[in-house]
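Structural overview
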Amino acid sequence: MNAYSGPALVTLATSLLLFACAAYVGRCRIRFEVKAPATTGHPQFEVAYRIQMNTIENAVAFLPALWIFTLSVSSQWATVLGGFWLAGRAWYALAYARDPGKRGPGFVLAMFAFAVLLVGGGWGVVRGLIS
């Protein structure tokens, strides 16, 4: 497992980010009295809910790309790129919670890291197939 400690740590941190987003939704649900199963109500609750859903949607694509890149290209670079993805997603979430119009830079950073992982992982798999 030592060869994959970095990507494993990024994976655990991603789980923590997902948990933090869910907790924020829960706090907003209580604070703004949005009863389950409603997903609309107070605008700040809706922002929290979108942060959570957008993060889940991105994590579903990010995690396989992270591990395919790890196994087919580089564990160290996967860790670095995964760290950029995490930083971008955290930046996105915090900016979105403060002002939804300012979520762009975090989104761009996370998408850049994801794109490199996806393209690089694809290249690594194809390279392995033709070797």
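In this text the structure is predicted, and so the values were computed from the model without any measurement. (Residues numbered from 1 in each chain as written. Predicted model: local features only at pLDDT ≥ 70, side-chain atom pairs only at ≥ 80, totals over all residues. Heavy atoms only, no water.)

**Describing helix α1 (residues 5–31)**
Quick reminder of the rule: We count a stretch as a helix when DSSP gives it H or I for four or more residues in a row; a strand needs E for two or more, and each element gets its number in order from the N terminus. Here the expected length of a helix is defined as 1.5 Å per residue gap, with one fewer gap than residues. Remark: exposure states derive from per-residue accessible area (1.4 Å probe, protein chains only) relative to the maximum for the residue type, with buried under 20%, exposed over 50%, and partly exposed in between. In this description, contact between two residues means that some pair of their heavy atoms is separated by no more than 4.5 Å.
The terminal C-alpha atoms of α1 lie 38 Å apart, and with 27 residues this matches the ideal 39 Å at 1.5 Å per residue to within 8%. Of all the positions in α1, only Pro7, Ala8, Val10, Thr14, Leu17, Cys21, Val25 and Cys28 are classed as buried. Where the residues of α1 are buried, they touch α2 (43–72) and α3 (75–98). Where α1 terminates, the next one or two residues include glutamate 33, which has phi positive at roughly 55°.

**Overview of the packing of α2 against helix α4 (residues 104–130)**
Condition: An axis is simply a line fitted to the C-alpha atoms; with a helix, the fit covers only the stretch in contact. Between two such axes, the angle follows the N-to-C directions and lies from 0 to 180 degrees. Orientation is classified from the angle alone, with under 35 degrees giving roughly parallel, over 145 giving roughly antiparallel, 65 to 115 giving roughly perpendicular, and any other angle giving oblique. Here a crossing is taken to be left-handed if its near helix is turned anticlockwise relative to the far helix by less than a right angle, and right-handed if that turn runs clockwise. Nonpolar residues are Ala, Val, Leu, Ile, Met, Phe, Trp, Tyr, Cys and Pro. Charged residues are Asp, Glu, Lys and Arg, and all others, Gly as well, are polar.
Two elements in contact, α2 and α4, have axes whose closest approach is 8 Å; the angle formed by their N-to-C orientations is 45°. Considering their axes alone, α2 and α4 lie oblique with respect to each other. Like other packed secondary-structure pairs, α2 and α4 cross with a definite hand, here left-handed. Between α2 and α4, the contacting residues are Asn58, Ala61, Phe62, Ala65, Leu66, Ile68, Phe69 and Ser72 on the first element and Met111, Phe114, Val116, Leu117, Leu118, Gly120, Gly121, Gly124, Val125 and Arg127 on the second. Of the residues contributing to the contact of α2 with α4, the split by class is twelve nonpolar, five polar and one charged.

**Quick look at the packing of α2 against α3**
α3 packs onto α2 with a crossing angle of 175° between their chain directions and a minimal axis gap of 10 Å. Classified by the angle their axes make, α2 and α3 are roughly antiparallel. Along its contact with α2, which presents Gln44, Val47, Arg50, Ile51, Asn54, Thr55, Asn58, Ala59, Phe62, Leu66, Phe69 and Thr70, the element α3 presents Ser75, Trp77, Ala78, Leu81, Gly82, Trp85, Arg89, Tyr92, Ala93, Tyr96 and Ala97. Classifying every residue of the contact of α2 with α3 gives 14 nonpolar, seven polar and two charged.

**Quick notes on the nonpolar core**
Here is the rule: Buried Ala, Val, Leu, Ile, Met, Phe, Trp, Tyr and Cys residues that are joined via side-chain atoms within 4.5 Å together make up what is termed a nonpolar core.
Residues Ile51, Phe62, Leu66, Trp85 and Leu117 are the most contacted members of the largest nonpolar core, which totals 21 residues. Elements supplying a minimum of two residues to this core: α1, α2, α3 and α4. Ignoring anything within four residues of it in the chain, the contact list for isoleucine 51 reads Cys21, Tyr24, Arg89, Ala93, Tyr96 and Ala97. Ranked by size, the runner-up nonpolar core spans six residues in total, among them Cys28, Phe32, Val34 and Phe45.

**Some thoughts on unusual backbone geometry**
In the segment running from alanine 36 into proline 37, the intervening peptide bond is cis, with an omega of 10°. Its identity as a non-glycine residue notwithstanding, glutamate 33 has a phi of 55°, on the positive side. Considering the arrangement of structural elements, one finds glutamate 33 in the loop between α1 and α2. By relative accessible area, which is 61% here, glutamate 33 ends up exposed.

**Side note on a nonpolar patch on the surface**
The condition that has to hold: By definition, no residue in a patch forms a salt bridge, and every one has over 30% relative accessible area; like charges are joined within 9 Å, nonpolar side chains (Val, Leu, Ile, Met, Phe, Trp, Tyr) within 5 Å. Exposure was quantified through the Shrake-Rupley algorithm and a 1.4 Å probe, taking into account, for residues, occlusion by the shown protein chains and nothing else. By definition here, a salt bridge exists when the distance from a side-chain nitrogen of Lys or Arg to a carboxyl oxygen of Asp or Glu is within 4 Å.
Judged by side-chain polarity, Ile68, Val125, Val126, Leu129 and Ile130 come together as a nonpolar surface patch covering roughly 500 Å² of accessible area. Tallying contributions element by element places α4 first for the nonpolar patch, with four residues. By secondary structure assignment, the location of isoleucine 130 is in helix α4. Judged by its relative accessible area of 69%, isoleucine 130 falls in the exposed class.

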